[in-house]
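Letter by letter, the chains look like this.
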2 protein chains.
Amino acid sequence: MQIERDLESAEAVADAIRHLEVRGAPLIGIAAAMGLVAGTRELRGAAREAYLARVATATPGDGSAIWERLHAEATAIWEEDRAMCRRIGEHGLPLVPDGANVLTHCNAGALATGGIGTALAPIYLAHEQGRKVHVYVDETRPVLQGARLTAWELKHAGIPCTLIPDSAAGVLMRQAKVDVVIVGVDRICANGDFANKIGTYGLAVLARHHGVPFYAAGPWSSVDPSLADGEVIPIEQRAADEVTTIAGRPIAPPGVPALNYAFDVTPARYVTAYVTDRGLVQPPFTADPPS
Amino acid sequence: MQIERDLESAEAVADAIRHLEVRGAPLIGIAAAMGLVAGTRELRGAAREAYLARVATATPGDGSAIWERLHAEATAIWEEDRAMCRRIGEHGLPLVPDGANVLTHCNAGALATGGIGTALAPIYLAHEQGRKVHVYVDETRPVLQGARLTAWELKHAGIPCTLIPDSAAGVLMRQAKVDVVIVGVDRICANGDFANKIGTYGLAVLARHHGVPFYAAGPWSSVDPSLADGEVIPIEQRAADEVTTIAGRPIAPPGVPALNYAFDVTPARYVTAYVTDRGLVQPPFTADPPS
């Protein structure tokens, strides 16, 4: 079942981001820009000072002109993202040869971006080119982005996939059923350590142990050279009831404490390469993108 | 919420085993024996031949005598299991020192046996002796035995525990928050390879990678010396809807294929030691138990 919702205020967009209804780093950026546009529509008739009291920009003109400028900017961000996804896909295409079995975690696909995704972009392009591809989709507990989103969009695109419990990745690698692991990224440090959905690190260890190439895919803008390494990233904890309930129903006895790390950090040494819109790259990363 | 059900026929017991309402290798054995007793209660008045047509035994006497013998035997199996669990706990006790953080998978506790469990037995005894113990409980998708059973029984016993998504084990080990992993076993091969709940193998690889001791706990009777190694164990697949639904509610789009391995096989080289009622033992294993 698909449900479409129009988010017509900045508050509605902010709420949707907070509750993971809009998720995926690129899509959050796009939605935030669009949310700012939606949220200031009423100020179009305002004087320049009144408008800027809410949205500080360097745009000349009155409220209407500034709003139009913001609208154009948000649309440009979206279009830029679509092009970025496609470039990630092109750079990652050689990693997904005909017959490849890819394993992915969480959702770094079309439902997380304005385009064809990041981790899934090479898969979409390989499929577009007629290559046979099959994807093992980690269900990605606790929020089940793999089961709910990745499986949905791959099925929608006609790309064969198999949903698995997260804990089945190890035995599949041991059985040599996984040719390559491609995951998304939340943030990449200067030394290449990167944050991504909880479970990514364990998957990286398993891939290393079994000699399976492990790729982290994301826009170059995910690189934050101000972060020296992963040690400086505090791991956010989300509400315990995401673990103790599923779709609102309890799966554990009342009062059992649960740990709900939102993400983990994977050290650079586990990563075969970073698949970015600037190519397959290797750390150390600086503010200057590779040419 | 606890619900007690009386299983008063062999069919009811068989159904309960089939649907994982009774699970855990030792408890299945006890229940099967009790089920045979329950299922032949009506035959107590039967002649010897009529009774033996259903239950072939070497017991002399009529239906009533044979039934009493079976009843005593089933009760003895239960009592033997209780004693066996306690011996496993005693042999494993040194692995759980004061302050230990133990990680376990699935349920190999009191709810899986007639006694205090296998993997959890050393934890129960350590707690009984006043040692501070804390247990990280893998929720154990897809059937959630960790969330539903292990968390329940540890809480019930007053042993501090924290429920985690299966995929969080890796980062916890990296953060040095896990001192020891103890899991149960379904079956142990002559060379020490063993079958256990899906996810056990990945956990063993993570433990090895992080230098965390990894113990497999079970009765000596889990050893099947007729199995040379894990390669000869075919991995059973259970129904896909255990993965695509939780408590009857879909968590994935309709028609998405899912892979549901019931268990995986962990090679002996990942196992620090086997915690059995005959002591901490090392392969190779033969039909003769260690003295």
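For clarity, every value in this text was computed on a predicted model and none was experimentally measured.

Counting 76 residues, the largest nonpolar core has Val 96 of chain A together with Val 96 of chain B as its most contacted members. With residues near it in sequence (within four places) discarded, Val 96 of chain A still touches Val 102, Pro 122, Ile 123, Ala 126, Arg 131, Val 133 and Ile 182 of chain A. In this structure, Val 185 and Val 223 of chain A together with Ala 168 and Val 183 of chain B belong to the second largest nonpolar core, which totals 68 residues.

With that out of the way, let us pick up the relation of the copies chain A and chain B. Overlaying chain A on chain B yields an RMSD of 0.1 Å, the required transformation being a rotation through 180° with an accompanying axial translation of 0.0 Å. What we have between these two chains is a two-fold relation. Of the residues that chain A buries at the interface, 100% are likewise interface residues in chain B, meaning the two copies contact each other through the same surface.

Looking now at the interface of chain A and chain B. Between chain A and chain B, the contact holds 53 residues from the first and 53 residues from the second. Roughly 4300 Å² is buried in total at the junction of chain A and chain B, and carbon and sulfur atoms are behind 66% of that figure. Ranking the residues of chain A by area buried against chain B places Leu 163, Ser 167 and Arg 174 of chain A at the top, with a combined share of 13%. Where chain A meets chain B, there are four salt bridges. A salt bridge links Arg 174 of chain A to Glu 231 of chain B, with the shortest nitrogen-to-oxygen separation between them at 3.4 Å. At the boundary of chain A with chain B, the tally comes to 16 residue pairs in polar contact (both at pLDDT 80 or more). Put simply, the parts of the chain that give the side of chain A that touches chain B at least two residues each are α6 (145-156), β3 (161-164), α7 (169-174), α8 (200-210), α9 (241-244) and β11 (263-266) of chain A. Among the elements that take part in the side of chain A that touches chain B, α8 of chain A stands out by supplying six residues, more than any other. Classifying every residue of the side of chain A that touches chain B by side-chain character gives 32 nonpolar, ten polar and eleven charged.

What counts, and where the lines are drawn
- Residues numbered from 1 in each chain as written.
- Chains lettered and ligands numbered in written order.
- Predicted model: local features only at pLDDT ≥ 70, side-chain atom pairs only at ≥ 80, totals over all residues.
- Heavy atoms only, no water.
- Core = buried A, V, L, I, M, F, W, Y, C linked by side-chain atoms within 4.5 Å.
- Buried < 20%, exposed > 50% of the residue type's maximum accessible area, 1.4 Å probe, protein only.
- Contact = heavy atoms within 4.5 Å.
- Least-squares fit on C-alpha atoms with pLDDT ≥ 70 in both.
- Buried area = accessible area lost by both parts, 1.4 Å probe.
- Salt bridge = Lys/Arg side-chain N within 4 Å of Asp/Glu carboxyl O.
- Polar contact = N/O pair within 3.5 Å; in protein donor to acceptor, adjacent residues only side chain to side chain.
- Helix = DSSP H or I, 4+ residues; strand = E, 2+ residues; numbered from the N terminus.
- Nonpolar A, V, L, I, M, F, W, Y, C, P; charged D, E, K, R; others polar.

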